[in-house]
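Summary of structural features
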Amino acid sequence: MSAWLTLDFSAGTSIETACEDAQRVSDILGVNVEFKFNGVKCFAGIGGKADVLAQRQQKEQARKLDGPLDTRLARSIGEDRKDAR
C-alpha cells in the first residue's frame, strides 16, 4: 500500500513508546507511518519491528552529519542505513 500517515508525539515520550505506537498503527491500519523524533525522520513500515526502529533512531541521532544535505533517517524494515550504502 502506498498510503502514509504522519504522527506527532508529545514532549517527554520515549523513543521506545513512540516506535511501539507507530509500528502498532502501521500494522493495524496497513499504512506506512512517519514521525520525527529528536531530529531523526522515522518510518514504521507494515510488518516492521519497533525495537529495530528505536535502535536505528538512536544510532542516527548519535551519527555525525556528513554535510548540510545529509539527513537522519531510521526505518523499522529493510537494511540498516549503513549496510545499504
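Since the model is a prediction, treat every value here as computed from it, not as a measurement. (Residues numbered from 1 in each chain as written. Predicted model: local features only at pLDDT ≥ 70, side-chain atom pairs only at ≥ 80, totals over all residues. Heavy atoms only, no water.)

**Quick notes on the side chain of Arg56**
Along the polypeptide, Arg56 turns up in helix H2 (residues 50–62). Of the polar contacts made by the side chain of Arg56, one reaches the backbone oxygen of Ile77; its length is 3.4 Å. (Helix = DSSP H or I, 4+ residues; strand = E, 2+ residues; numbered from the N terminus. Polar contact = N/O pair within 3.5 Å; in protein donor to acceptor, adjacent residues only side chain to side chain.)

**Comments concerning the sheet that holds strand S2 (residues 32–37)**
Spatially, S1-S2-S3-S4 is the arrangement adopted by the four strands of the open sheet, whose pairing is mixed. At either margin of the open sheet sits one strand with a lone partner, and together these are strand S1 (4–6) and strand S4 (73–75). Adjacent strand axes in the sheet meet at a mean angle of 25 degrees, parallel and antiparallel pairs treated alike. Pairing analysis gives three bridges linking S1 to S2, with the strands arranged parallel. When the bridges of S2 are listed, Thr6 appears paired with Glu34. Relative to the sheet, helix H1 (residues 15–29) contacts S1, S2 and strand S3 (40–44), its axis offset from that of S2 by approximately 165 degrees. (Pairing = 2+ DSSP bridges. Axes fitted to C-alpha atoms, helices over the stretch in contact; angles between N-to-C directions. Contact = heavy atoms within 4.5 Å.)

**As for the packing of aromatic side chains**
Here the distance between the centres and the angle between the planes together describe a pair of aromatic rings. Enumeration over the complete set of coordinates arrives at two aromatic pairs. When the ring of Trp4 is compared with that of Phe43, the centres are 5.5 Å apart and the planes differ by 80 degrees; the resulting orientation is edge-to-face. Taken together, the residues span a long stretch of sequence, with Trp4 in strand S1 and Phe43 in strand S3 at a distance of 39 residues. Judged by relative accessible area, which is 19%, Phe43 ranks as buried. Look at Phe9 and Phe35: their rings are 5.1 Å apart centre to centre, the planes differ by 80 degrees, and that puts the pair in the edge-to-face class. Here Phe35 lies in strand S2 and Phe9 lies in the loop between S1 and H1, a separation of 26 residues in the sequence. (Phe/Tyr/Trp six-rings, centres within 6.5 Å; stacked < 30°, edge-to-face > 60°. Buried < 20%, exposed > 50% of the residue type's maximum accessible area, 1.4 Å probe, protein only.)

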